[in-house]
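Architecture and fold: a report
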Amino acid sequence: QVQLVESGGGLVQAGGSLRLSCAASGRTFSSYDMVWFRQAPGKEREFVADINWSGGRTTYASSVKGRFTISRDNAKRTVYLQMNSLKPEDTAVYYCAAKDGGVVRTWGQGTQVTVSS
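What comes next concerns the included structure. Quick caveat, the model's predicted, so the values are computed rather than measured. (Residues numbered from 1 in each chain as written. Predicted model: local features only at pLDDT ≥ 70, side-chain atom pairs only at ≥ 80, totals over all residues. Heavy atoms only, no water.)

Quick notes on the layout of surface pockets
Rolling a probe over the atoms, with the probe sized like a water molecule, indicates the empty space that remains. Roughly 170 Å³ of internal volume is contained in the largest pocket. Forming the boundary of the largest pocket are 13 residues, of which Arg38, Lys43, Glu46, Glu89 and Asp90 lie nearest the centre. Looking at side-chain class alone, the lining of the largest pocket contains two nonpolar, three polar and eight charged residues. (1 Å grid on protein atoms, 1.4 Å probe; cavity = no way out; pocket = protein on both sides within 12 Å on 5 of 7 lines; lining within 4 Å. Points joined across faces, edges and corners; volume = space filled by probe spheres on them. Nonpolar A, V, L, I, M, F, W, Y, C, P; charged D, E, K, R; others polar.)

Structural data, given as structure tokens:
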């Protein structure tokens, strides 16, 4: 039901910052938890951060906690991932996903983040 489009990826130097956006559309978007995943070449897709759209609860992977912040703007129907103190190992395709009842329902197309050393 919900459609997702990521943006904001690109090339950044190590130690720098980048903000990803995930724009949602669809009549039931507000019913979903929103999640960021990432996948590096040859590696499994991994969880990055999660936010409850209605309640504002957030969780983070240990690898990014303290550096990344997930947030939301209900008026703009957009979820953000603020990434600070970026490291080369953060290089990956970042995906936004909508989750309902603990199950991912919809994926975005992904946006490439490359961190140079």
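And the narrative resumes.
A closer look at the nonpolar core
Met34, Trp36, Leu81, Met83 and Tyr94 are the most contacted members of the largest nonpolar core, which totals 30 residues. Elements represented by at least two residues in this core include exactly β3 (18-25), β4 (33-39), β5 (46-52), β7 (68-73), β8 (78-83), β9 (92-100) and β11 (111-116). The residues contacting Tyr94, other than those within four sequence positions of it, are Glu6, Leu20, Trp36, Phe37, Arg38, Val48, Phe68, Leu81, Met83, Gly110, Thr111 and Val113. (Core = buried A, V, L, I, M, F, W, Y, C linked by side-chain atoms within 4.5 Å. Buried < 20%, exposed > 50% of the residue type's maximum accessible area, 1.4 Å probe, protein only. Helix = DSSP H or I, 4+ residues; strand = E, 2+ residues; numbered from the N terminus. Contact = heavy atoms within 4.5 Å.)

A word on unusual backbone geometry
Even without being glycine, Arg77 reaches a positive phi, approximately 50°. For Arg77, a relative accessible area of 29% translates into the label partly exposed. The backbone of Ser85 shows a phi angle near 50°, a positive value even though the residue is not glycine. Structurally, Ser85 is set in the loop between β8 and β9.

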